[in-house]
Amino acid sequence: MSGAVASRLAELGLTLPEVVPPLASYQPAVRSGAYVYTSGQLPMVDGKLPATGKVGAGVTPEEAKELARVCALNALAAVKSVVGDLDRIARVVKVVGFVASDPSFTGQPAVVNGASELLGEVLGEKGVHARSAVGVAVLPLDAPVEVELQVELAP
């Protein structure tokens, strides 16, 4: 891995993981024209979830924010698997974050900030994006958070 994005990841002490294998019948990322769309990425680390459960009941917002960072890193790995070089990213267009939430939990935006902040740290201005942060009843494998990206590639 070489290039500006790879250097920035190294500066931050981050390692781009292997692409998380799909849990069902889909691809981790798909390119269409100048865009790459990732499937929802769970916070898998070495093939397993570091935490499970609902945010606000068993998983703290701070823990979930860290897991959202992992999701974003996994999403970048999925993008790289399609385009080969993360320096090809012109910008992150949209981030969608899903937070498995206790019914009384309303801090989804702060949780998904974990993903947004990581993208900004790694990609700078190219990481600035539109976003949705959605509370849901449950996510696959009882994951606390899931993140998907839409990125535009440079010509």
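Relevant structure appears above.
These numbers were taken from a predicted model, which means no experiment stands behind them.

A.B. asks: What exactly am I supposed to notice about the pairing of strand β5 (residues 89–100) here?
C.D. replies: Sheet faces and side chains relate simply in a regular strand, where the side chains alternate between the two faces. Here nine bridges tie β5 to strand β7 (residues 145–153), and the two strands are oriented antiparallel to one another. Counterpart to Val95 in the pairing with β7 is Leu149. In this region the chain leaves β5, passes through helix α3 (residues 108–123) and returns to the parallel neighbour strand β6 (residues 130–136); the handedness of that crossover is right-handed.

A.B. asks: Please clarify how the sheet that holds strand β2 (residues 35–38) should be interpreted in this entry.
C.D. replies: The strands making up a sheet are joined through hydrogen bonds of the backbone, oriented either antiparallel or parallel. Taken in spatial order, the five strands make up an open sheet running β1-β2-β7-β5-β6, and their pairing is mixed. Here the strands that pair on one side only, and so sit at the sheet edges, are β1 (29–32) and β6. Averaged over all pairs of adjacent strands, the angle between their axes in this sheet comes to 15 degrees, without regard to strand direction. Pairing of β1 with β2, which is carried by four bridges, proceeds in the antiparallel orientation.

A.B. asks: What is the right way to read the pattern of salt bridges from this model?
C.D. replies: Note that side chains of opposite charge can pair when their charged atoms are close. Under the definition given, this model contains four salt bridges. Between Arg8 and Glu11 there is a salt bridge, with its nearest N and O atoms 2.8 Å apart. With Arg8 and Glu11 both in helix α1 (residues 4–11) and three residues apart, the pair spans about one turn of that helix. Two residues, Lys65 and Glu117, come together in a salt bridge whose shortest N-O distance is 3.1 Å.

A.B. asks: What's the story with the side chain of Arg69 in this structure? I'm lost.
C.D. replies: With respect to the helices and strands, Arg69 occurs in helix α2 (residues 61–83). Here Arg69 falls in the buried class, since its relative accessible area comes to 17%. Here Arg69 is in contact with Leu14, Gly114, Ala115, Glu117, Leu118 and Glu121, once residues within four sequence places are set aside.

A.B. asks: What should I look at first to understand the packing of aromatic side chains in this one?
C.D. replies: Following the criterion strictly, the structure yields one aromatic pair and no others. Measuring from centroid to centroid gives 6.4 Å for Tyr35 and Tyr37, while their planes differ by 40 degrees, and the two rings are tilted. Tyr37 gets classed as partly exposed once you look at its relative accessible area, which sits at 37%.

A.B. asks: It is not clear to me how the nonpolar core should be interpreted in this structure. Could you clarify?
C.D. replies: The biggest cluster of nonpolar side chains holds 37 residues, and the ones touching the most others in it are Leu76, Leu119, Leu123, Val145 and Leu149. When residues of this core are traced back to their parent elements, those giving at least two are α1, α2, β5, α3 and β7. In terms of residue count, the dominant contributor to this core is α2 (12 residues). If near-sequence neighbours (up to four positions away) are discounted, Leu119 is found in contact with Ala72, Leu76, Val92, Val95, Gly124, Gly127, His129 and Leu149.

Parameters at a glance
Residues numbered from 1 in each chain as written. Predicted model: local features only at pLDDT ≥ 70, side-chain atom pairs only at ≥ 80, totals over all residues. Heavy atoms only, no water. Pairing = 2+ DSSP bridges. Helix = DSSP H or I, 4+ residues; strand = E, 2+ residues; numbered from the N terminus. Right-handed = clockwise from strand over helix to strand, strands pointing away. Axes fitted to C-alpha atoms, helices over the stretch in contact; angles between N-to-C directions. Salt bridge = Lys/Arg side-chain N within 4 Å of Asp/Glu carboxyl O. Buried < 20%, exposed > 50% of the residue type's maximum accessible area, 1.4 Å probe, protein only. Contact = heavy atoms within 4.5 Å. Phe/Tyr/Trp six-rings, centres within 6.5 Å; stacked < 30°, edge-to-face > 60°. Core = buried A, V, L, I, M, F, W, Y, C linked by side-chain atoms within 4.5 Å.

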